[in-house]
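# Structural features, examined
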Amino acid sequence: MRISELIAVKRLHLRFLTGAEHAHRVLRWAYTTDLLEPARYLRGGEFVLTGMMWRTRPEDSGTFVSSIAGAGAVALGAGTALGEVPPDLVEACRAHDLPLVEVPPETSFGAVTEEVLRSLTQQRFSSIAETRDRHRRLIAEVASGADLPRTFAEAAGQAGLTAWIVSSTGRHVAASGEPLPGGDREWLAARALTRPSFPHTVRLPGEGGRALTILPVQTKDSHPLATWLLVCEGDHTAWSEEVHESVAEMASIAVLARSRIEERALTGARHLEGLPRLLAAQRFDEVTELMRGTGPADGGEGAHLVVSAVMLPEPRVPDLTRRVVTELVADRPGAVVTGDEDTLAVVPVGGPETDVRARAEEVRAELLHRARVLEGGLLDHRIAIGLSSAVREVPELRGATVEARHARRLAELRGGRSRVIAGAEIDSHELLLASVPEEVQSSYRERLLGPLLAYDRDHRSELVETLEQFLAHSGSWQRCAAAIHVHVNTLRYRIGRVEDLTGRDLSSLEHRVDLFLALKLRD
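Quick notes on the rules
- Residues numbered from 1 in each chain as written.
- Predicted model: local features only at pLDDT ≥ 70, side-chain atom pairs only at ≥ 80, totals over all residues.
- Heavy atoms only, no water.
- Helix = DSSP H or I, 4+ residues; strand = E, 2+ residues; numbered from the N terminus.
- Rg over C-alpha atoms; globule rule 2.2 N^0.38 Å.
- Buried < 20%, exposed > 50% of the residue type's maximum accessible area, 1.4 Å probe, protein only.
- Contact = heavy atoms within 4.5 Å.
- Areas by Shrake-Rupley, 256 points an atom, 1.4 Å probe, with all protein chains shown as cover.
- Pairing = 2+ DSSP bridges.
- Axes fitted to C-alpha atoms, helices over the stretch in contact; angles between N-to-C directions.
- Expected span 1.5 Å × (residues − 1).

## Quick word on the overall build of the protein chain
Counting its regular elements, the protein chain contains 18 helices and 15 strands. Computed over its C-alpha atoms, the radius of gyration of the protein chain comes to 37 Å, more than 25% above the 24 Å expected for a compact globule of 523 residues. In terms of overall dimensions, the protein chain has a C-alpha envelope of 120 × 65 × 40 Å along the principal axes. Looking at the 523 residues of the protein chain, the share that counts as buried comes to 46%. Of all intrachain contacts in the protein chain linking residues separated by at least 6 positions in sequence, the fraction that spans at least 24 positions is 63%. Per element, the accessible surface of the protein chain, about 25,700 Å² overall, is 50% carbon and sulfur.

## Some remarks on the sheet that holds strand E1 (residues 15-18)
Spatially, the 5 strands line up as an open sheet ordered E1-E5-E4-E3-E2, and their pairing is mixed. The sheet is open, and its two edges are formed by E1 and strand E2 (29-32), each paired on a single side. With strand direction ignored, the average angle separating the axes of adjacent strands in the sheet is 30°. Note: strand E3 (residues 46-50) against strand E4 (residues 75-79), 4 bridges, orientation parallel. In the sheet register, Leu49 faces E4, and the bridge partner there is Gly77. Lying on the sheet, helix H3 (residues 87-95) is in contact with E1, E4 and strand E5 (100-103); it crosses E1 at an angle near 80°.

## Quick notes on unusual backbone geometry
Cis geometry is adopted by the peptide bond preceding Pro199, which originates at Phe198 and carries an omega value of 0°. Cis geometry is adopted by the peptide bond preceding Pro313, which originates at Leu312 and carries an omega value of -10°. Take Pro313: it is sitting in the loop between strand E11 (303-312) and helix H10 (320-328). If you check the backbone angles, Asp97 has positive phi at about 55° while not being a glycine.

## Thoughts on H10
Counting buried positions along H10 yields 8 of 9 residues, so the element is predominantly enclosed. Buried within H10 we find Leu320, Thr321, Arg322, Arg323, Val324, Val325, Glu327 and Leu328.

## Quick word on the sheet that holds E11
The 5 strands lie next to each other as E12-E13-E11-E14-E15, forming an open sheet whose pairing is mixed. Edge positions in the sheet fall to strand E12 (336-338) and strand E15 (418-422), since each has one partner strand and no second. Within this sheet the neighbouring strands show an average axis-to-axis angle of 20°, counted without direction. Bridging between E12 and strand E13 (residues 343-350) involves 3 bridges; their strand directions are antiparallel. Each residue of the ladder has a partner; that of Val336, found in E13, is Val346.

## Here's the deal with helix H12 (residues 396-414)
In a regular helix each residue adds 1.5 Å, so 19 residues correspond to 27 Å; H12 covers 27 Å between its end C-alpha atoms and thus fits that length. One or two positions beyond H12, positive phi appears at Gly415, with a value near 75°.

What follows is the structure in structure tokens.
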């Protein structure tokens, strides 16, 4: 409510004594006092009403006006029930540029306060109605497929908030202004993965880092490893009720947009469920047709690479691996993802004129980087990812799928919370091992190394470690003995025990290879 609007209420008979030029100032409350220095009870924006009981001498006017003006009062209403407004009070108000309004004897302070409250309540209800109408309109726009970044920026701008949406890997989704720097987004995403509850307020690293509040965008089947985060400037504990309502509005917009994206991704994955089977059967015409429409816009033409991913142990949350991989390749237009625990993605890496090797390396680096951001949330699981080399023809996707799966099996063997391996990185023996079924690997490993492991366990010896060092030093007795700090005769004795227990002759290259591969399967 503006001062001018209050003065215009005829039944109150109010009039300016000074400061009429500030009639546009906004009143946020009415407060009655007869204390000489009431500043500690004011919060700013008040229309202060007083019967001037505090005035015992002219100097008191300056003290009183200085106190309320310093606390942020926007106007003073002086009641004349006990006498006229003294000139020293008028002068004090002029000195502090504070409007002074005369409240005549026939007008009670209660009537003035009631009018201010009535106007503020009416404005509040109007504001709520406008907010609800705006919220309904924005929700309807998002539901009909409106551009999320534009809609989100509009909602944040109307609420006067600075806010961002980032993904679980730190990927930029939307913002009310400039996007957060990549390092800040990834830091926020990593922090969110380790938080048990929200909202959570953090300060960005560095001196004078600003306070940001993180809230999860929780859809029906959301999971911290594959979701979005709403990040708002400020500490949520200091927000007003209006700010909390505005943040809730932006969160609901983000939830609806996220749900639509997840639904489209799930529909595409179901449509492509037959892709691995068709590739294995070499039914390439059907593959091309299947990918057309829901897959890359070119229907499989141009260069692509295949991503194979698995989470170990198998997540109890349905479809989690596919959702994580969908997030990892989200910035790759035309990428398609299908499968559940054994997830496959086909990612376009350019047309005939593009340097596909460089683009494929970009995809590998991006997957590696984003998977590492997720490691804070991989407490109960690990993710293994394999990439194929880039191929240009649909029939070549079959071989690319086999290569990606071999690389993924090797990623499983190498361990770590997240591991990304490209087929081009694989050494020949590692590719061979990755292609062998797990049950065959286990049997081979147990048959060759089982006796050594049992002997080490029962005798607290170091035969397996000695064997690793012996092979690493190409069978050199002197260099190996020096490396493990034992006498050559001790080394000969240990290697003799290895040969007795395994039935292998370590002077034979063939037998050395057998044991070398068994040790690799144990890594």
